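Working through the structure, step by step
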Amino acid sequence: MDPVRPECPFQYLIEILNDNPEKKFYNIPKLGGTKYDILPYSIRVLLETAVRNCDGFLVKKEDAMNILDWKTKQNNVEVPFYPARVLLQDFTGIPAMVDFAAMREAVKNLGGDPMKVHPACPTDLTVDHSLQIDFSKCAIQNAPNPGGGDLQRPLAKVSPLRVQSRKVPCRGQTVCKGPCDAGESSRNSGKFSAQIENTPILCPFHLQPVPEPETVLKNQEVEFGRNRERLQFFKWGSKVFRNVAVIPPGTGMAHQMNLEYLSRVVFEVKDFLYPDSVVGTDSHTTMVNGLGILGWGVGGIETEAVMLGLPVALTLPEVVGCELTGLASPLATSIDVVLSITKQLRQAGVAGKFVEFFGTGVSQLSVADRTTIANMCPEYGAILSFFPVDNVTLKHLKHTGFDKAKLESMEEYLKAVKLFRNDQISSAEPEYTQIIQIDLSSITPYVSGPKRPQDRVAITDMKSDFQACLNEKIGFKGFQIATEKQNDIVPVEYEGNEYRLSHGSVVIAAVISCTNNCNPSVMLAAGLLARKAVEAGLMVKPYIRTSLSPGSGMVTHYLSSSGVLPYLSKLGFEVVGYGCSTCVGNTAPLPEAIRNAIKQGDLVACGVLSGNKNFEGRLCDCVRANYLASPPLVVAYAIAGTVNIDFQTEPLGIDPNGKNIYLHDVWPTREELQQVEEEYVISSMFKELKEKMEKGNKRWNFLEAPESVLFPWDLKSTYIRCPSFFDKLAKEPVSLQPIENAQVLLYLGDSVTTDHISPAGSIARNSAAAKYLTNKGLTPREFNSYGARRGNDAVMTRGTFANMKLLNKFIGKPAPKTVHFPSGQTLDVFEAAELYQKEGIPLIILAGKKYGLGNSRDWTAKGPFLLGVKAVIAESYEKIHKGHLIGIGIAPLQFLPGENANVLGLTGKEQFSVSFPQELFPGITLDIKTNTGKVFRVIASFENNVETTIYKHGGILNYVARRFL
């Protein structure tokens, strides 16, 4: 996209930076004077994009002036936002790319030129969500089992829980010659020079390069084999579409790559400087807000529009100023800060608003701390959480290998346009819609759970809270276990030893990608705790499914070079690969003996993970309680083997001499962490990993892919199918059609998540998707996951509402079922919808508050659309999901305040009819009539004219395709 539009009315603002004619920029402060000076930094970036991209059509001069008048216009006008680039990850990126390929077909079929269909801005696609943990701990321990279920293995005698020696072997490293002294050598392993594909790893005891752990290589091998069709499609896209770059599997996750490698902070294109900004197909795109980059997650549909040269439309948002003061205690890690801020901002009601951080406490936070806080932005509902660039940011960029000259011009430019925050001048803070004050020194260590990220539990209260959860009725905090059964013990034999499981037993412990791994201090804290624990003779029970899935090779690099990786491995936290795994439901099945014991005792088994999602059933169907915790606490709970423990009074375990070892005995001090971080987290790690990312890997480099203008669809493929969205596309949109005599497909309650609507984990063997794949000749081992098959609309439609925890009021218990009212049958949701479509009956969904919570997934709209859903009637919506519904052509209707289906006396068995006026406008009230004679009013929940226009076209895909014609 050209940084200077010839029709732009603001060209008089173009200036030269410091007398250098090769560096030009729009001097936006000259536009507004004092008005500009009081704008929040995030709004200043919005204003710059509007000024630079003003063309009088998609972006009007009035739009820029409205942004400048933010103080009076906030929440009252819609404004366009042109991000500088787009970020895709493969789970949500593949449907976007498939739609792009299908759009080329549609444009050609209607007489257009398919060669015109290209992204209009830089688009990066990271293949990071395909990783499944087929191998963990030791590569020999687990066989690949992509279809689910547990493989039978002979019992073998395991080592006792107490170890008698400090000699630590390098597990899985064929070059290393056995155990080494863990005390002396590990402190002298600072120099290294490994040139190993993807992840340079050293034996910290011998200072010799060693191959990647066998688990990583085997998981990558299985990943490439399992996902070959998808990878070939991605490679085709990178060849035929301009501006598309693909980061291959095994490199790292999208958020981490965005942070370490893709972020520019300031763009420089054709001698023009302008701020970096991004939208991505993942709600955690906000992570880069910690670097001073404006960005947030949108659906794949909206992202496609940006890729095609259209702006994102949003209501000019309120900006909540979050003033941070003080300094967190030594025991409080970044996750504690994150969860504390998450809870306070959620309570403050920041949904649909920008959050911007300021105050003396901001300067106390590293960039890693800031990105961790920004990464959790979706959990408190804000659009983004912005940390303006300051001296801390520049220092971080310097350490990560940014070019010195680029840093100098970046600082000069940001100061010239007043986008640089000077933490020494407190009086220069912008004005905000409201201010929330948070004292970091008041924050203590917390975990979050057992079912939602916003339910925090202080570590000191963990035992009593868990016991209270056992007593509570089934709900967000309750399991309703009978009092006489709360102390039940179930003995189980595993690998020749007998263990005792009870309520609270930890069976999954995962240090995983996105929330924590950008912060070296918390990962190093986990490693240092592991070292102290192993040296004290503590171990993790072998049945606990432990894993370490870093966000990138950089994490493995500094864990290795600092000497703590072997200790993590000794406790079972061995690197399994690079990408999202446990957090998106890709955990390998638990051992059959453990599953049987949990079911036999009806136990509330637990998972502990350092991620950002812990909805019930997400990790494993037999694990009911899931807690989010910092990496060191994940390790601590794994050692303890239970969450039903008071760390203040109860020991983690016993050393070989019979002495109790408590958490405070092995917890690293802040001084230890800072020393190790300064010594090992250095710029060379970033430089080397950037080189490796640019080189790719051998499997990707040798992968063959077609180069044709149109993608050669394979009709036999179960991964990539040409979707049916364009089947009825005409050159001109038809008039709005009424919805007549619609049946209710599902009658849902509050807080229905995107996990409920469109699962991302494994495909259950008795599901509609499994039946489809079986009929295609696949075995359960070949099913893969829903996320991996998002390029196949037939699978994803069958997977819609297939979550086992879906609570449909027609059924009365959790199950992916509904009632087909004409016949009275109880069927899978897909089977019922299929019958309704054959009968020509349109469908609607009734729901409660906050419909569509959770991760951004466009299949949560595409799936219902292909099921035949024409409208959703809910009490309220999650903003991103509502945009998805509109983007695919489903009407988001909202009950009037104080009303819902129950208040109105609706049973859901009625037939519903509604007509839309041709002059549809945002917020219009519509009448809905039922076949019983009841009439009630709803609000058409469109926020701006762009959304009504898109809905009139039948969705954004049709709208964009027509633009090419």
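Residues numbered from 1 in each chain as written. Predicted model: local features only at pLDDT ≥ 70, side-chain atom pairs only at ≥ 80, totals over all residues. Heavy atoms only, no water.

**Observations regarding unusual backbone geometry**
Selection criterion: Secondary structure elements are defined from DSSP: runs of H or I of at least 4 residues count as helices, runs of E of at least 2 residues count as strands, and each element is numbered from the N terminus. A simple rule labels every residue: compare its accessible area, found with a 1.4 Å probe on the protein chains alone, to the largest value its type can have, and call it buried under 20%, exposed over 50%, or partly exposed in between.
In the segment running from G449 into P450, the intervening peptide bond is cis, with an omega of 15°. With respect to the element layout, P450 can be found in the loop between β20 (446–448) and β21 (456–458). Here N243, not a glycine, exhibits a phi torsion of approximately 70°, which is positive. Residue position: N243 is located in the loop between α8 (228–240) and β10 (244–247). Note on N243: relative accessible area 40%, which makes it partly exposed. We note that K850 has phi near 55°; this positive angle belongs to a residue other than glycine. Following the sequence through the fold, K850 ends up in the loop between β33 (843–846) and α30 (859–867).

**Describing the environment of V540**
For the record, the criterion: Contacts are assigned to residue pairs that have any heavy atoms within 4.5 Å of one another.
Its location among the elements puts V540 in the loop between α17 (520–535) and β25 (545–548). Given a relative accessible area of 9%, V540 falls into the buried group. For the pair V540 and F573, spaced 33 residues apart in sequence, the C-alpha to C-alpha distance is 9.6 Å. Ignoring sequence-local partners within four residues, the contact set of V540 consists of T546, L571, A638 and I639.

**Regarding the confidence of the model for the protein chain**
Reading predicted coordinates in detail is not appropriate for stretches of low pLDDT. Rules: Confidence of the predictor at the level of single residues is given by pLDDT, which spans 0 to 100.
Here the protein chain averages 83 in pLDDT, and 84% of its residues register 70 or above. The least confident element of the protein chain is strand β6 (residues 167–168), whose mean pLDDT is 33; the most confident is helix α3 (residues 41–52), at 98. Segment residues 137–211: pLDDT under 50, and 200 contacts once partners within four positions in sequence are set aside and those in other chains are kept.

**Here's the deal with the packing of helix α6 (residues 90–109) against helix α33 (residues 956–963)**
Condition: Comment: axis = line fitted to C-alpha atoms, over the contacting stretch for helices; angle = value between 0 and 180 degrees taken between N-to-C directions. Throughout this description, any angle smaller than 35 degrees is read as roughly parallel, any larger than 145 degrees as roughly antiparallel, any in the 65 to 115 degree range as roughly perpendicular, and the remainder as oblique. Crossings are assigned a handedness: left-handed for a near helix turned anticlockwise from the far helix by less than a right angle, right-handed for a clockwise turn. Throughout this entry, Asp, Glu, Lys and Arg are counted as charged residues, while Ala, Val, Leu, Ile, Met, Phe, Trp, Tyr, Cys and Pro are counted as nonpolar. The remaining residues, Gly among them, count as polar.
As a packed pair, α6 and α33 sit with axes 10 Å apart at the nearest point and diverge in direction by 50°. One finds that α6 runs oblique with respect to α33. Crossing angle aside, the handedness with which α6 passes α33 is right-handed. Contact residues: D99, M103 and V107 in α6; L957, V960 and A961 in α33. A per-class count over the contact of α6 with α33 returns five nonpolar, no polar and one charged.

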